[in-house]
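Reading the structure
Take a look at the letters that make up each chain.
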Amino acid sequence: MNSSKTIGIIGGGQLGQMMAISAIYMGHKVVTLDPTADCPASRVSDMIVAPYDDVDALRQLAARCDVLTYEFENVNADGLDAVIKDGQLPQGTDLLRISQNRIFEKDFLAKKAGVQVAPYKVVTSSLDLEGLDLSKNYVLKTATGGYDGHGQKVIREEADLVEASQLANSAECVLEEFVNFDLEISVLVSGNGSDYTVFPVQENIHRNNILYKTIVPARISDQLAEKARSMAVQIAKKLHLSGTLCVEMFATADDILVNEIAPRPHNSGHYSIEACDFSQFDTHILGVLGAPLPQIRLHAPAVMLNVLGQHMEAAQAYVAENPSVHLHLYGKVEAKHNRKMGHVTVFAEDADKVREFGEGVDW
Ligand code: AMP
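Residues numbered from 1 in each chain as written. Predicted model: local features only at pLDDT ≥ 70, side-chain atom pairs only at ≥ 80, totals over all residues. Heavy atoms only, no water.

**With respect to the overall build of the protein chain**
Each helix and strand in the protein chain was counted, giving 11 helices and 17 strands. The C-alpha radius of gyration of the protein chain comes to 20 Å, within 12% of the 21 Å expected for a compact globule of 363 residues. For the protein chain, the spread of C-alpha atoms along the three principal axes comes to 65 × 50 × 40 Å. In the protein chain, which comprises 363 residues, the proportion classed as buried is 55%. Sequence-distant contacts in the protein chain: of pairs separated by 6 or more residues, those separated by 24 or more amount to 62%. Put simply, the protein chain shows about 16100 Å² of open surface, and 46% of that area lies on carbon and sulfur atoms. Between the centroid of the 31 positive side chains of the protein chain and the centroid of its 48 negative side chains there is a distance of 3 Å. (Helix = DSSP H or I, 4+ residues; strand = E, 2+ residues; numbered from the N terminus. Rg over C-alpha atoms; globule rule 2.2 N^0.38 Å. Buried < 20%, exposed > 50% of the residue type's maximum accessible area, 1.4 Å probe, protein only. Contact = heavy atoms within 4.5 Å. Areas by Shrake-Rupley, 256 points an atom, 1.4 Å probe, with all protein chains shown as cover. Lys, Arg positive; Asp, Glu negative; His and termini not counted. Charge placed at Lys NZ, Arg CZ, Asp CG, Glu CD.)

Listed below in structure tokens is the structure:
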């Protein structure tokens, strides 16, 4: 019996590369579509070099592969629908459409999946901001195209309404109440269309809107952690999820609110490569292939730090002195400022000690 499949990945960045590595371990072949010939996934897969929205290239990828997946959500859903065969993209294109638009996403989370989100309303022009109750704070976010804090405006006082009105008149938006959270957390869940497996709760610390550090398990009560994990599974079930999904959430003193979903493995789950018995990439590949999914076990508390372009030298020097740290470099050709070049993971039995990791490093 030959159970080897050819898996097509749309997007050849670090997520595509790490998906491909998992797939190769399991005996599969990988073809990646990416506009950059020497992208990270080019080191571990065959390439189709073309823009992501090139329908001919998508057709070629679909023709060469048994199963397709994507490493990021801004894929042309209509273009994909036009070329894929029935069942060839187990994640489906509806999930892409939901995660490409914050209005669809909030409505799906609040009304269909039935999980708690911050109170929100759709804003189609600055008229919808008139008479806003400024005893509360808000975040105005463009429905599409925003990422890492771009396309967002926090409203705390009258003066903020000038910029907020400009944003509201430039694009359709969602206005959310500002959540005074204690921690930002995320939960990874993987599905194979009918069964689901869930990872431990991850605590995420950002700098300049870019993930800086992930601590696992998150420093929240067992009760809140269980709530966060069951919310992630509830969302996965509603989607009949195939592959890995990351649910980003806010933890307050006594509750959990869902912020957004990413329909793919996520930066906050990289620790799982070494710290769990199966990584988020392993379960993604198993999930899109419809294979049985394992229970996830965390070997020990773990911390992951991102290595950005400006951190390359400091990170490599740190790892040279601390050889039990796991360094991953994605093989990107140019180390630009704020570009994710790699990450480091450390895990240990001593939870307090491992959490301190990164405190003393100057990146
Ligand atoms: P997002 O693009 O939705 O992930 O938002 C980027 C960051 O803005 C989040 O990681 C939070 O730190 C912050 N943020 C987003 N929405 C809210 C909210 N409703 N209340 C407080 N902070 C928020």
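On we go.
**Describing the nonpolar core**
Ile185, Ile235 and Met249 are the most contacted members of the largest nonpolar core, which has 52 residues in total. When residues of this core are assigned to domains, at least three map to each of domain 1 (6-89) and domain 3 (183-353). Those residues in contact with Met249 that lie beyond four places of it in its chain are Leu183, Glu184, Ile185, Val187, Ala228, Met231, Ala232, Ile256, Leu257, Val258 and Asn259. One finds Tyr212, Ala315, Met341 and Val344 within the second-largest nonpolar core, a separate group that totals 14 residues. (Core = buried A, V, L, I, M, F, W, Y, C linked by side-chain atoms within 4.5 Å. Domains from an automatic or database assignment.)

**Side note on the site of the ligand**
Taken together, 13 residues lie around the ligand, and Lys141, Gln152, Val179, Glu184 and Glu260 are the ones closest in. The separation between a nitrogen atom of the ligand and a polar side-chain atom of Glu176 is 2.8 Å. With respect to the ligand, the side chain of Glu184 contributes an N or O atom lying 2.6 Å from an oxygen atom. Coverage of the ligand by the protein chains reaches 89% of its 480 Å² of free accessible surface. Of the residues belonging to the shell around the ligand, the class tally is 5 nonpolar, 2 polar and 6 charged. (Near = heavy atom within 4 Å. Polar contact = N/O pair within 3.5 Å; in protein donor to acceptor, adjacent residues only side chain to side chain. Nonpolar A, V, L, I, M, F, W, Y, C, P; charged D, E, K, R; others polar.)

**Things to note about the layout of surface pockets**
Here the second largest pocket defines a volume of roughly 260 Å³. Ile21, Ser22, Tyr25, Ile273 and Asp282 are, among the 16 residues lining the second largest pocket, the residues nearest its centre. Every element with two or more residues in the lining of the second largest pocket is listed here: helix 1 (14-25), helix 9 (280-288) and strand 16 (326-329). No other element matches the 5 residues that helix 1 contributes to the lining of the second largest pocket. Per-class residue counts for the lining of the second largest pocket are 10 nonpolar, 4 polar and 2 charged. Counting the residues that make up the lining of the second largest pocket, at least three belong to each of domain 1 (6-89) and domain 3 (183-353). (1 Å grid on protein atoms, 1.4 Å probe; cavity = no way out; pocket = protein on both sides within 12 Å on 5 of 7 lines; lining within 4 Å. Points joined across faces, edges and corners; volume = space filled by probe spheres on them.)

**Quick look at the packing of helix 1 against helix 9**
Contact geometry of helix 1 with helix 9 gives a least axis separation of 8 Å together with a crossing angle of 70°. In terms of orientation, helix 1 lies roughly perpendicular with respect to helix 9. Along this stretch, helix 1 crosses helix 9, giving a crossing that reads as right-handed. In this structure, helix 1 uses Leu15, Met18, Met19, Ser22 and Ala23 to contact helix 9, whose residues at the interface are Phe281, Asp282, His284 and Ile285. Its residues placed into classes, the contact of helix 1 with helix 9 shows 6 nonpolar, 2 polar and 1 charged. (Axes fitted to C-alpha atoms, helices over the stretch in contact; angles between N-to-C directions. Parallel < 35°, antiparallel > 145°, perpendicular 65-115°, else oblique. Left-handed = near helix turned anticlockwise from the far one by under 90°.)

**A short note on the sheet that holds strand 1 (residues 6-10)**
Consider a sheet: its strands pair through backbone hydrogen bonds, and that pairing is either parallel or antiparallel. In space, the 4 strands of this open sheet follow the order 3-2-1-4, with parallel pairing throughout. The open sheet terminates on both sides in strands that have one partner only, identified here as strand 3 (46-49) and strand 4 (67-70). On average, each strand axis in the sheet is inclined to that of its neighbour by 25°, with strand direction left out of account. Relative to strand 3, strand 2 (residues 29-34) is paired through 4 bridges, and the arrangement is parallel. Across the sheet, residue Asp34 finds its bridge partner in strand 3, namely Val49. (Pairing = 2+ DSSP bridges.)

**Some remarks on the domain arrangement of the protein chain**
As far as domains go, the protein chain holds domain 1 (6-89), domain 2 (119-177) and domain 3 (183-353). Here domain 2 and domain 3 have C-alpha centroids that lie 29 Å from each other.

**A closer look at the sheet that holds strand 7 (residues 152-155)**
Strands sit in the order 5-8-6-7 across an open sheet of 4 strands; the sheet is antiparallel. Only two strands of the sheet have a single neighbouring strand rather than two, namely strand 5 (120-123) and strand 7. Averaged over all pairs of adjacent strands, the angle between their axes in this sheet comes to 20°, without regard to strand direction. Sheet strands in contact with helix 6 (residues 160-170) are strand 5, strand 6 (138-142), strand 7 and strand 8 (173-177), and its direction is about 145° off that of strand 7.

**Let's talk about the packing of aromatic side chains**
Per the counting criterion, the structure on display carries 2 aromatic pairs. Each ring, one from Phe181 and one from Phe250, has its centre 4.8 Å from the other, and the planes form 0°; the classification is stacked. With Phe181 in the loop between strand 8 and strand 9 (183-192) and Phe250 in strand 13 (residues 242-251), this residue pair connects regions lying 69 residues apart in the sequence. Assessed through its relative accessible area of 32%, Phe181 is described here as partly exposed. The ring of Tyr212 carries the charged tip of Arg207 above its face, separated from the ring centre by 3.7 Å. (Phe/Tyr/Trp six-rings, centres within 6.5 Å; stacked < 30°, edge-to-face > 60°. Lys NZ or Arg CZ within 6 Å of the ring centre and 35° of its normal.)

**Here's the deal with the packing of helix 5 (residues 102-112) against helix 7 (residues 222-239)**
Two elements in contact, helix 5 and helix 7, have axes separated by 11 Å at closest approach and are oriented at 105°. Here helix 5 is positioned roughly perpendicular relative to helix 7, judged by the angle of their axes. Of the residues in helix 7, those touching helix 5 at Phe108, Leu109 and Lys112 are Ile235, Lys238 and Leu239. Of the residues assigned to the contact of helix 5 with helix 7, the class counts are 4 nonpolar, no polar and 2 charged.

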